[in-house]
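Residue-level structural notes
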Amino acid sequence: MANFHNLNIKKIVRETADSVVISFEIPTELLTKYEYSAGQYISLMLDIDGVETIRDYSICSHIDEDLSVGVKKLKNGLMSSFLNSSIKVGDSIKVSEPRGRFTIQGNLNCIIAIAAGSGITPIMSMLKQVLLNTDKNFYLVYSNKSEKTTMFLSQIKELKNQFQSRFFVKFVFTSKDVASHHFGRITETNIFDMLKFPENKFKLLQSSIYICGPEKMIDNISLSLEKGGLLKENISYELFSSSKKDNLVSSESGDVLVTFTVDDFTSKVKSSKKKTILDTALDNDIDAPYSCNGGVCGSCIGKLTKGEVKMLNNTVLTESEIEDGLILACQALAVSDELDIDFDDV
Ligand code: FES
């Protein structure tokens, strides 16, 4: 599990009818633990009606602002509904230290971000980081139902005015045709048109692309961009949830002997090959790190130092990281009869 600390809520700002931005006060002695890179996330842990609930939320603040997350109320969303209606300034919440690999990578001079709905939250942090701390250009394609449901609309417009020569934004609305904005959805077929800006100064093939939104949009757009010649390593994406855990079915049978190393402590357990490595650890009270349990966040990365696993879904690790032995424990199933997995050496 991630390291959690109690933080007080410093500010709550209503962004739209169904979203809020929550800012936290960080005690001086914890400041270094809450240093983060733009694009990372924190987990919030709350007791809601007697149920311990943990959810991940992307940080939307600039590193010099109060640590803040944007929370959009989801249909049937236990935590997001609670955070939108039942918290107040001064409340104490268990907040994890920041984590995540969806951060600005490489040295390319142009950043392109494609966001839908609350997928804008990590992009907001990146946008402010790039505009305020670099001389790079930033192009944003941002899709929502309408202006009324668009998180950070006024902040984005202010940044657009402030950085007219470096920040270019294209709003896309799916339920209402708004003059001078795009109407419809971002799809794999129109993505290259969406990325044509009148002020186009970038060479698409030499840009870093960051995509955040629903899984289907990310899958389709990233595939389309790769087919269009963009290098896979220049495309980063962040899913907020995955539908893929349900597909985890092992064709292997029998048992596996797994040796775990966590926090310098080694334990050996026997388990079924039908269970994921993370489930094996948790069922045996081994404190393996995890968060989403869905192959999305990268919290459960471990190093396989002996044996073989298969990962059915992986949206986090690169091919070279897999070659180096890294695995997502929540997505890994044993193939060999013995495994050694080290969560410290990652
Ligand atoms: S716990 Fe999030 S990727 Fe495994």
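In this text, all values refer to a predicted model and were calculated from it rather than measured experimentally.

Cut-offs used in this document
- Residues numbered from 1 in each chain as written.
- Predicted model: local features only at pLDDT ≥ 70, side-chain atom pairs only at ≥ 80, totals over all residues.
- Heavy atoms only, no water.
- Salt bridge = Lys/Arg side-chain N within 4 Å of Asp/Glu carboxyl O.
- Helix = DSSP H or I, 4+ residues; strand = E, 2+ residues; numbered from the N terminus.
- Buried < 20%, exposed > 50% of the residue type's maximum accessible area, 1.4 Å probe, protein only.
- 1 Å grid on protein atoms, 1.4 Å probe; cavity = no way out; pocket = protein on both sides within 12 Å on 5 of 7 lines; lining within 4 Å.
- Points joined across faces, edges and corners; volume = space filled by probe spheres on them.
- Domains from an automatic or database assignment.
- Contact = heavy atoms within 4.5 Å.
- Pairing = 2+ DSSP bridges.
- Axes fitted to C-alpha atoms, helices over the stretch in contact; angles between N-to-C directions.
- Core = buried A, V, L, I, M, F, W, Y, C linked by side-chain atoms within 4.5 Å.
- Phe/Tyr/Trp six-rings, centres within 6.5 Å; stacked < 30°, edge-to-face > 60°.

Notes on the pattern of salt bridges
On inspection of all chains with the given rule, the structure shows 10 salt bridges. The closest approach of N and O atoms between Glu65 and Lys128, which form a salt bridge, is 3.1 Å. With a gap of 63 residues between them, Glu65 in the loop between strand E4 (51-58) and strand E5 (68-72) and Lys128 in helix H2 (residues 120-133) connect regions that are remote in the sequence. Residue classification places Glu65 among the partly exposed positions, given a relative accessible area of 41%. A residue is classified by how much of its surface remains accessible, and Lys128, at 7% relative accessible area, is buried.

Some thoughts on the layout of surface pockets
By volume, the second largest pocket is sized at about 820 Å³. Among the secondary structure elements, those contributing two or more residues to the lining of the second largest pocket are helix H5 (215-227), strand E12 (235-239) and helix H7 (319-323). In terms of residues, the lining of the second largest pocket owes the most to one element, E12, which gives five residues. Taken together, domain 2 (110-239) and domain 3 (246-342) each give at least three residues to the lining of the second largest pocket, which thus spans both.

Notes on the domain arrangement of the protein
Domain boundaries in the protein define domain 1 (4-96), domain 2 (110-239) and domain 3 (246-342). Taking only C-alpha atoms into account, the centre of domain 2 sits 34 Å from that of domain 3.

Focus: the environment of Lys128
Considered as a pair, Lys128 and Ile63 are 65 residues apart in the sequence and their alpha carbons are 8.9 Å apart. When near neighbours in sequence (up to four residues on either side) are disregarded, Lys128 contacts Cys60, Ser61, His62, Glu65, Asn133, Gln155 and Leu159.

Notes on the sheet that holds strand E2 (residues 19-25)
Reading across from one edge, E4-E3-E6-E1-E2-E5 is the order of the six strands in this open sheet, with antiparallel pairing throughout. The open sheet is flanked by E4 and E5, the only strands paired with a single partner. Between one strand axis and the next, the sheet turns through 40° on average, direction left out of account. Here strand E1 (residues 4-16) runs beside E2; their pairing, made up of seven bridges, is antiparallel. Counterpart to Lys11 in the pairing with E2 is Ser23.

Re the nonpolar core
One finds Ile120, Ile123, Phe138, Leu140, Ile156 and Phe167 to be the most contacted residues of the largest nonpolar core, which totals 30 residues. Of all the elements in the fold, those that place two or more residues in this core are strand E7 (110-116), H2, strand E8 (137-144), helix H3 (153-162), strand E9 (167-173) and strand E11 (208-213). The element contributing the most residues to this core is H2, with seven residues. For Ile120, the contacting residues outside a window of four places in its chain are Ala115, Leu140, Tyr142, Met151, Phe152 and Ile156. If you look at the next biggest cluster of nonpolar residues, it comprises 26 residues, including Val256, Val258, Leu328 and Ala334.

A word on the packing of aromatic side chains
Within this structure, the stated rule accounts for six aromatic pairs. Taking the centre distance of 6.2 Å and the plane angle of 80° together, the rings of Phe138 and Phe167 count as edge-to-face. Of the two residues, Phe138 is situated in strand E8 and Phe167 in strand E9; the sequence distance between them amounts to 29 residues. Considered together, Phe138 and Phe167 belong to a single accessibility category, that of buried residues. Both rings, one in Tyr142 and one in Phe171, keep their centres 6.2 Å apart while their planes meet at 45°; by these two values the pair is tilted. Here the residue Tyr142 occupies a position in strand E8, and Phe171 occupies one in strand E9, the gap between them amounting to 29 residues. For the pair shown, Tyr142 and Phe171 are each scored as buried. Cluster of aromatic residues (ring-pair linked, three or more members): Tyr142, Phe171 and Phe173.

Here we look at the environment of Val89
Structurally, Val89 can be placed in the loop between helix H1 (78-85) and strand E6 (92-96). Judged by its relative accessible area of 52%, Val89 falls in the exposed class. It is 5.7 Å that separates the C-alpha atoms of Val89 and Lys11, two residues lying 78 residues apart in sequence. Aside from chain neighbours lying at most four places away, what touches Val89 is Ile9, Lys10, Lys11 and Ile12.

So, the sheet that holds strand E19 (residues 338-342)
Spatial strand order, E14-E13-E19-E15-E17: five strands in an open sheet with mixed pairing. Each edge of the open sheet is held by one strand with a lone partner, namely strand E14 (265-272) and strand E17 (326-328). Put simply, the sheet's adjacent strands are angled 35° from each other on average, direction ignored. Pairing between strand E15 (residues 301-306) and E19: three bridges, direction antiparallel. Bridging from a neighbouring strand, Lys303 pairs with Asp342 of E19.

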